[in-house]
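Chains, contacts and geometry: an overview
So you can see what is in the structure, the chains are spelled out below.
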Amino acid sequence: MARQRRLNGFQAGELNLTAMIDVAFQLLAFFILTAHPVDVMANLNVYRPMAEEGGQGISAIRVTVFPGGYTVNGAAMSLTTLSEKLGRLSRIDKSQTILIQCTSESQHGQLVGFLDVCARLGLTNLSVVSSGGS
């Protein structure tokens, strides 16, 4: 059995933790409600193609990824042919803007394959654009 100590006629009291727990939960609720999460999508670097100085619009190569292959500015070609053409382009200008458009039927591996070719050739000014429902 527990013995109670008496000091000069006073009984030793217990510490009441209810008030401290209540304050801790109120502080927790305050910090959760006032926290502002960082929007990761707002901090992504997106490179947009620049307009030419002559005002003729955007000088960019548009590559569309289809289930059966790729098109470059409307001309169909395979990944090897596309790699050769981009190799010639990278020797001329590595800062050329390339707009990549994927259809809803294209596979992820095709996009990754194209991005690997661009990385191997040193082309870094890439932008993935929406397909617009195609």
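Please refer to the structure placed before this passage.
Residues numbered from 1 in each chain as written. Predicted model: local features only at pLDDT ≥ 70, side-chain atom pairs only at ≥ 80, totals over all residues. Heavy atoms only, no water.

1. A look at the packing of aromatic side chains
Summed over all chains, the structure comprises two aromatic pairs. Judged by centre distance (5.4 Å) and plane angle (65°), the rings of Phe 30 and Phe 31 are edge-to-face. Arranged with centres 6.3 Å apart and planes meeting at 35°, the rings of Tyr 70 and Phe 114 form a pair that is tilted. Of this pair, Tyr 70 sits in strand S4 (residues 69-72) while Phe 114 is found in helix H3 (residues 108-121), placing the two residues 44 residues apart along the sequence. Across this residue pair, the class does not change: Tyr 70 and Phe 114 are buried. (Phe/Tyr/Trp six-rings, centres within 6.5 Å; stacked < 30°, edge-to-face > 60°. Helix = DSSP H or I, 4+ residues; strand = E, 2+ residues; numbered from the N terminus. Buried < 20%, exposed > 50% of the residue type's maximum accessible area, 1.4 Å probe, protein only.)

2. Digging into the sheet that holds strand S7 (residues 126-129)
In spatial order, the strands read S5-S4-S3-S6-S7; together these five strands make up an open sheet with mixed pairing. Of all strands in the sheet, those with a lone pairing partner are strand S5 (75-77) and S7, marking the two edges. Here the average twist between neighbouring strands, direction ignored, is 25°. Inspection of the sheet shows strand S6 (residues 97-102) paired to S7 by four bridges, in the parallel sense. Note on S7: the bridge partner recorded for Ile 100 is Val 128. The strands touched by H3 are strand S3 (60-66), S4, S6 and S7; relative to S6, the strand with the most contacts, the crossing angle is about 170°. (Pairing = 2+ DSSP bridges. Axes fitted to C-alpha atoms, helices over the stretch in contact; angles between N-to-C directions. Contact = heavy atoms within 4.5 Å.)

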